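Close look at the chain arrangement
This is what each chain is made of:
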Amino acid sequence: MNGFAGSAGILVAGRALQGLGGALVSPAALAVLTTTFAEGRERTTALGVWSAVAVRWRRDRPPPRRRADHALLVAVDLLRERPVGLIAIALALRFVPESRVEHARGGIDIAGAVSVTAGLVVLVYALVNAETAGWISVETLGLGALAIALLSGFVMIENRLRHPLIRLGIFRMRSITGANAAMLLVAGGMFAMFYFASIYVQEVLGYSALRAGLAFLPVTLGIVVGAGLSQQLIRRVGVRVVGLTGMSIAAVGLIVLSRIPVAGTYLGDLLPGLMIMAVGMGLTFVPITLIATTNVGAEDAGLASGLLNTSQQPRWCNRVGGAVDPRCKRHRE
């Protein structure tokens, strides 16, 4: 629907459906992993595979600059994602067991869902337009105040309902709060880096959108390698050490990328920093996911998974972690 959109309205509708599907699938898939695999080696291995797959390059494809690039990328998406999606549906029906939480809380928190969604939308809109309107402009401050009011209303609603959308008591678990805060910062830094790197390869090195996408394929390999290493290291030194090590390595990669000269090259200047950052990210995602989902009861597995997925931003501007990413504004325009 997005690829063949002929108007802004159809594109917005397609993106809304895409976001709804992702919001349903991502937390559910992660919850299946955490409830199916016991804590320990099995869950670490499963989450390592999950992390390697979940951060694949299709999230960070640079925006096309020409109509021909757009048409080519649409064709690639049709050939790549649709057959894979159909195969995934067939395999899920065949191999993924159905599960239900016994004594699950009933009811649908419509008020909570509306207030938190509206609050986050207004907040993100204020952030991505602050550069144009001004950080202390009436528009930015007004939208910020409205976002705070909506989110405050959400907290009040959740505290009063018997079956809230988000049980706020879950944030008393330091592991969940800390892991989500870390993912928020990691996602924001990573996706901002992808934006500037994609601008560099297209505007400075002169790559087409398709060639730029191919130039970032090694990043996927680096993340897979890092996720695989994290599985081994976690059993030896623990999740905290691996997570801090991964973030430190990723920070080194970002420092290397920040020193790229204007007259630099892909192999000599850009790729080394990308690979260092990618391995660090691979080492980071698995322990953060483990921390965010460990010691959580089966009844809260979906909630914990949903919170972690909300803290990051896998698709352009859909989620909170990359809200301040300048790509959001560029993509909207």
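Structure report, in brief. As the structure is a computational prediction, the values presented were derived from the model and not from experiment.

Analysis parameters
Residues numbered from 1 in each chain as written. Predicted model: local features only at pLDDT ≥ 70, side-chain atom pairs only at ≥ 80, totals over all residues. Heavy atoms only, no water. Helix = DSSP H or I, 4+ residues; strand = E, 2+ residues; numbered from the N terminus. Buried < 20%, exposed > 50% of the residue type's maximum accessible area, 1.4 Å probe, protein only. Contact = heavy atoms within 4.5 Å. Areas by Shrake-Rupley, 256 points an atom, 1.4 Å probe, with all protein chains shown as cover. Phe/Tyr/Trp six-rings, centres within 6.5 Å; stacked < 30°, edge-to-face > 60°. Lys NZ or Arg CZ within 6 Å of the ring centre and 35° of its normal. Core = buried A, V, L, I, M, F, W, Y, C linked by side-chain atoms within 4.5 Å. 1 Å grid on protein atoms, 1.4 Å probe; cavity = no way out; pocket = protein on both sides within 12 Å on 5 of 7 lines; lining within 4 Å. Points joined across faces, edges and corners; volume = space filled by probe spheres on them. Nonpolar A, V, L, I, M, F, W, Y, C, P; charged D, E, K, R; others polar. Axes fitted to C-alpha atoms, helices over the stretch in contact; angles between N-to-C directions. Parallel < 35°, antiparallel > 145°, perpendicular 65-115°, else oblique. Left-handed = near helix turned anticlockwise from the far one by under 90°. Expected span 1.5 Å × (residues − 1). Arc of directions from axis to C-beta. Patch = residues over 30% accessible without salt bridge, like charges linked within 9 Å, V, L, I, M, F, W, Y side chains within 5 Å. Salt bridge = Lys/Arg side-chain N within 4 Å of Asp/Glu carboxyl O.

Side note on the overall build of the protein chain
When helices and strands are counted, the protein chain shows 12 helices and zero strands. When the helices and strands of the protein chain are placed in sequence order, the string is α-α-α-α-α-α-α-α-α-α-α-α. Burial status across the protein chain gives 40% buried among its 333 residues. In the protein chain, the proportion of contacts linking residues at least 24 apart, taken out of those at least 6 apart, comes to 74%. Put simply, the protein chain shows about 18000 Å² of open surface, and 68% of that area lies on carbon and sulfur atoms.

As for the packing of aromatic side chains
Counted according to the given criterion, the structure contains three aromatic pairs. Seen in terms of ring centroids, Tyr195 and Phe196 are 5.0 Å apart; in terms of plane orientation they differ by 65°. Their pairing is edge-to-face. Judged by relative accessible area, which is 15%, Tyr195 ranks as buried. With relative accessibility at 52%, the residue Phe196 sits in the exposed group. One cation-aromatic arrangement involves Arg211 over Tyr207; the distance from NZ or CZ to the ring centre is 3.9 Å.

Focus on the side chain of Gln231
For Gln231, the position within the fold is in helix α8 (residues 217-237). Discounting chain neighbours no more than four positions away, the residues touching Gln231 are Thr44, Thr45, Gly48 and Val49.

Regarding the nonpolar core
The biggest cluster of nonpolar side chains holds 42 residues, and the ones touching the most others in it are Phe194, Val219, Leu270 and Met281. Elements supplying a minimum of two residues to this core: α1 (8-36), α2 (41-54), α6 (174-204), α7 (209-215), α8, α9 (239-258) and α10 (266-293). Of all the elements, α10 adds the most residues to this core, at 13 residues. Apart from the residues within four sequence positions on either side, Met281 is in contact with Val186, Met190, Ile223 and Ala250. By size, the runner-up hydrophobic cluster in this structure holds nine residues, among which are Val116, Phe154, Ile166 and Ile170.

As for the layout of surface pockets
Roughly 330 Å³ of internal volume is contained in the second largest pocket. If you go around the second largest pocket, the residues you meet are Arg174, Ser175, Gly178, Ala179, Ala182, Val239, Arg240, Gly243, Leu244, Met247, Ile288 and Ile291. Only α6, α9 and α10 provide two or more residues apiece to the lining of the second largest pocket. Classifying every residue of the lining of the second largest pocket gives seven nonpolar, three polar and two charged.

So, the packing of α10 against helix α11 (residues 301-311)
At their nearest, the axes of α10 and α11 sit 9 Å apart, and the two run at 140° to each other. Judged by the inter-axis angle, α10 sits oblique to α11. Crossing hand, α10 versus α11: right-handed. Contacts between α10 and α11 involve Ile288, Thr289, Ala292 and Thr293 from the former and Ala304, Ser305 and Leu308 from the latter. Grouping the constituent residues of the contact of α10 with α11 by class yields four nonpolar, three polar and no charged.

Considering α9
With 20 residues, α9 should reach 28 Å at 1.5 Å per residue; the first-to-last C-alpha distance of 28 Å fits that figure. Among the residues of α9, Val242, Gly243, Gly246, Ala250, Gly253 and Leu257 are the ones counted as buried. The buried residues of α9 all sit within an arc of 100° when viewed along its axis, so they share a single face. Along α9, exposed side chains directed more than 90 degrees from the buried face belong to Arg240, Leu244, Ile255 and Ser258. Where α9 is buried, its residues contact α6, α8 and α10.

Side note on the environment of His163
Here His163 is to be found in the loop between α5 (138-160) and α6. Given a relative accessible area of 29%, His163 falls into the partly exposed group.

Things to note about the environment of Ala278
Relative to the helices and strands, Ala278 is located in helix α10. Taking the C-alpha atoms as reference points, Ala278 and Val219, separated by 59 residues in sequence, lie 5.4 Å from one another. If we skip the residues at most four places from it in the chain, Ala278 touches Val219, Gly222 and Ile223.

What about a nonpolar patch on the surface?
On the surface, a cluster of nonpolar side chains totalling about 490 Å² of accessible area is made up of Leu221, Val225, Leu229, Leu233, Val237 and Val241. For the nonpolar patch, the leading source of residues is α8, giving five residues. Along the polypeptide, Val225 turns up in helix α8.

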